[in-house]
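Structure assessment
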Amino acid sequence: MPRSTRAWQRMLSGRRLDLLDPSPFDIEIEDIAHGLAFVARWNGQTMGAWPYSVAEHSLLVEEFFGLIAPEAPVKWRLAALLHDAPEYVVGDMISPVKHTIGADYRALEDRLMQAVHLRFGLPAVLPARVKAQIKKADRLSAWLEAVQIAGFSEAEAGRYFGRPDAALIASVTLDPQPPAVVRGGYIERFRTLMGEMETA
């Protein structure tokens, strides 16, 4: 009898996460932080002594979200921090690859995202306005990364990610850090946001 195809991944926490039917109970922030700190943005094609990780990108997106929506409840800042959390399992595919794979990949990513949200007290599906604000912060980060560390000209980055508000990015200089440092920063920021949610 043929063996069934394995659809789960064992995490360092010991959890087994079913990729096809992910349970919030099998999701731990330490696994997310560790995975994202070791996943390189831009397929690793960035300047610097270290790859620029999805965890670093996520911290920057959360920071930009706070500038875009300063009055937003803290839970939406947490959603911004976690916006790429599924990539701790599936990796960071560049947009052209995602578009080529199509709907199946998006469905897998959406199921993982919903499980992450439920695990940390967020609605499975974010309000459209919040999702749009996070996407704006994501595109700001992508433009900055493209220009500062991925070799794009400002004009080329503008064609793909839009022209950013100069005031929002003026003081940001990217400097990719070692994975262990980024992992710690990600967990610290998560715990800060969770603490603020609990006392809100």
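Our subject is the structure listed above.
A brief structural summary. All of these numbers come straight from a predicted model, not from anything done at the bench.

**Notes on helix H2 (residues 54-68)**
With 15 residues, H2 should cover 21 Å at 1.5 Å per step; its first-to-last C-alpha distance of 20 Å lies within 8% of that length. Most of H2 is tucked away: 11 of the 15 residues are buried. Burial in H2 covers these residues: Val54, Ala55, Glu56, His57, Ser58, Leu60, Val61, Glu62, Phe64, Phe65 and Gly66.

**Comments concerning the layout of surface pockets**
By volume, the second largest pocket amounts to about 190 Å³. Lining the second largest pocket we find Tyr52, Glu56, Leu59, Leu60, Glu63, Val172, Thr173, Leu174 and Asp175. Among the residues forming the lining of the second largest pocket, the class breakdown is 5 nonpolar, 1 polar and 3 charged.

**Quick notes on helix H1 (residues 29-37)**
Across the 9 residues that make up H1, a large majority, 7, are buried. All of the buried residues in H1 are Ile29, Asp31, Ile32, Ala33, Gly35, Leu36 and Ala37.

**What about the packing of helix H7 (residues 128-148) against helix H8 (residues 154-161)?**
Between H7 and H8, the shortest axis-to-axis distance is 9 Å and the interhelical angle comes to 155°. It follows that H7 is roughly antiparallel to H8 by the angle criterion. When you trace H7 past H8, the crossing you get is right-handed. Across from Arg139, Ala142, Trp143, Ala146 and Val147 in H7, the residues of H8 making contact are Glu154, Ala157, Gly158, Tyr160 and Phe161. For the contact of H7 with H8, the per-class residue count stands at 7 nonpolar, 1 polar and 2 charged.

What counts, and at which threshold
Residues numbered from 1 in each chain as written. Predicted model: local features only at pLDDT ≥ 70, side-chain atom pairs only at ≥ 80, totals over all residues. Heavy atoms only, no water. Helix = DSSP H or I, 4+ residues; strand = E, 2+ residues; numbered from the N terminus. Expected span 1.5 Å × (residues − 1). Buried < 20%, exposed > 50% of the residue type's maximum accessible area, 1.4 Å probe, protein only. 1 Å grid on protein atoms, 1.4 Å probe; cavity = no way out; pocket = protein on both sides within 12 Å on 5 of 7 lines; lining within 4 Å. Points joined across faces, edges and corners; volume = space filled by probe spheres on them. Nonpolar A, V, L, I, M, F, W, Y, C, P; charged D, E, K, R; others polar. Axes fitted to C-alpha atoms, helices over the stretch in contact; angles between N-to-C directions. Parallel < 35°, antiparallel > 145°, perpendicular 65-115°, else oblique. Left-handed = near helix turned anticlockwise from the far one by under 90°. Contact = heavy atoms within 4.5 Å.

From the geometry alone we can't say anything about function, so treat these as descriptive.
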